[in-house]
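Chains, contacts and geometry: an overview
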Amino acid sequence: MAVLINDTCINCGACIDECPVEAIVDEDDNPTDEDIYHVYADKCVECVGHHDEPACATACPTEGCITWDAIGESPEHREDITDEQRSSKEAVVE
Ligand code: SF4
Ligand code: SF4
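Residues numbered from 1 in each chain as written. Chains lettered and ligands numbered in written order. Predicted model: local features only at pLDDT ≥ 70, side-chain atom pairs only at ≥ 80, totals over all residues. Heavy atoms only, no water.

A word on the site of ligand 1
Taken together, the neighbourhood of ligand 1 is formed by Val3, Cys19, Pro20, Val21, Ile24, Val39, Cys44, Val45, Glu46, Cys47, Pro54 and Cys56. Its residues assigned to classes, the shell around ligand 1 shows eleven nonpolar, no polar and one charged. (Near = heavy atom within 4 Å. Nonpolar A, V, L, I, M, F, W, Y, C, P; charged D, E, K, R; others polar.)

Section: the pattern of salt bridges
One pass over the structure, following the stated rule, counts two salt bridges. A salt bridge links Arg86 to Glu46; its shortest N-O distance comes to 2.9 Å. Pair noted here: Arg86 is in helix 2 (residues 83–87) and Glu46 is in the loop between strand 3 (38–39) and helix 1 (55–59), with a separation of 40 residues, a long-range link. The same class applies to Arg86 as to Glu46, namely buried. Salt-bridge contacts for Lys89 lead to Asp69; the nearest nitrogen and oxygen are separated by 3.0 Å. Here Asp69 lies in the loop between strand 4 (66–68) and helix 2 and Lys89 lies in the segment after helix 2, a separation of 20 residues in the sequence. Exposure remark for Asp69: the relative accessible area of 6% places this residue in the buried category. (Salt bridge = Lys/Arg side-chain N within 4 Å of Asp/Glu carboxyl O. Helix = DSSP H or I, 4+ residues; strand = E, 2+ residues; numbered from the N terminus. Buried < 20%, exposed > 50% of the residue type's maximum accessible area, 1.4 Å probe, protein only.)

Points about the side chain of Thr67
You can see Thr67 is positioned in strand 4. Since its relative accessible area comes to 4%, Thr67 is described here as buried. Discounting chain neighbours no more than four positions away, the residues touching Thr67 are Ala2, Val3, Leu4, Asn6, Lys89, Glu90, Ala91 and Val92. (Contact = heavy atoms within 4.5 Å.)

Notes on the site of ligand 2
Taken together, the neighbourhood of ligand 2 is formed by 14 residues, with Cys9, Cys12, Gly13, Cys15 and Cys60 sitting nearest. Partitioning the shell around ligand 2 into residue classes produces eleven nonpolar, three polar and no charged.

Structure, rendered in structure tokens:
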């Protein structure tokens with residue numbers, strides 16, 4: 001995984017066009033069938049090489065909605081994010 005959108009998502013759409021690698025889909029295309037936006041972990045690069053911090057989280061108006069998640073299939077990840085931040089699903093932007 002990479003970053004995670006949780007169930008506090010209000011489907012506002014502010015994040016989707018900010019993603020440089022088109023890793024985000026809306027509720028209609030969410031493969032988990034949850035009625036929220038979704039980040040494809042195998043596409044998300046945590047904005048490495050694109051922005052200083054994840055652009056989706058910067059754009060999101062819902063506090064704590066986008067969190068760090070475990071490193072997995074994603075091709076790039078931020079080296080400065082600790083395992084503890086990932087395992088505790090810490091918000092990407094406070
Ligand atoms: S962190 Fe960056 S690459 Fe990952 S979903 Fe958000 S905007 Fe896209
Ligand atoms: S910006 Fe935040 S609240 Fe809006 S759709 Fe994206 S994750 Fe959901």
